[in-house]
Amino acid sequence: MDMKLTRRQVAKQIGVNRHTITGWEKYCRVPLMRHMPKIIDFLGYIPSTITKDMSLGGKIIAYRKIAGITRIQLARQLGVDTRILHEWESNERLPKKQFQEALDLLIHNAYVVGLTIYP
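Values in this document were obtained by computation on a predicted structure and should not be read as measured data.

Rules behind the numbers
Residues numbered from 1 in each chain as written. Predicted model: local features only at pLDDT ≥ 70, side-chain atom pairs only at ≥ 80, totals over all residues. Heavy atoms only, no water. Helix = DSSP H or I, 4+ residues; strand = E, 2+ residues; numbered from the N terminus. Contact = heavy atoms within 4.5 Å. Areas by Shrake-Rupley, 256 points an atom, 1.4 Å probe, with all protein chains shown as cover. Lys, Arg positive; Asp, Glu negative; His and termini not counted. Charge placed at Lys NZ, Arg CZ, Asp CG, Glu CD. 1 Å grid on protein atoms, 1.4 Å probe; cavity = no way out; pocket = protein on both sides within 12 Å on 5 of 7 lines; lining within 4 Å. Points joined across faces, edges and corners; volume = space filled by probe spheres on them. Nonpolar A, V, L, I, M, F, W, Y, C, P; charged D, E, K, R; others polar.

1. Re the overall build of the protein chain
Tallying secondary structure elements over the protein chain gives 7 helices and 0 strands in all. Taken from N to C terminus, the helices and strands of the protein chain fall in the order α-α-α-α-α-α-α. The dimensions of the protein chain, computed from C-alpha atoms along their principal axes, are 50 × 25 × 20 Å. Put simply, 49% of the contacts in the protein chain that link residues at least 6 apart link residues at least 24 apart. Only carbon and sulfur atoms are counted for the fraction: they give 53% of the accessible area of the protein chain, which is about 8,000 Å². Both charge centroids of the protein chain, one from 19 positive and one from 10 negative side chains, sit 9 Å from each other.

2. A few points about the layout of surface pockets
Quantified by volume, the largest pocket comes out at close to 670 Å³. Considering the residues around the largest pocket, the lining is formed by 25 residues, among which W24, E25, P31, I39 and L43 are closest to the centre. At the level of secondary structure, the elements contributing two or more residues to the lining of the largest pocket comprise α1 (7–14), α2 (18–26) and α3 (36–43). Per element, the largest residue contribution to the lining of the largest pocket is 4 residues, and it comes from α3. Residues belonging to the lining of the largest pocket are distributed by class as follows: 17 nonpolar, 2 polar and 6 charged.

The following block contains the structure:
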């Protein structure tokens, strides 16, 4: 995608400084979770690297990245310990039915509002 924008222009649209853009482009630095929604909005699509894992854990991680929230924030939202959420994300453990339903709803709602995690 060549939009002929300067790093400063891209940075302004995403809400970071131009040095942050340089770090992402040249030094393979990973954007902070909170920047992901604006990056996705800027790109106009969700990068395939976010949605490549079709497992439940992969979908949970993709949801967090797209929503721009941390594991701690999602764990609090669901009312579970972060270690439990980590186990779900790493596919070490499946959530109990009530949490599975809550996760399914979050992922489904993200799809409905256009944060397409999986078509």
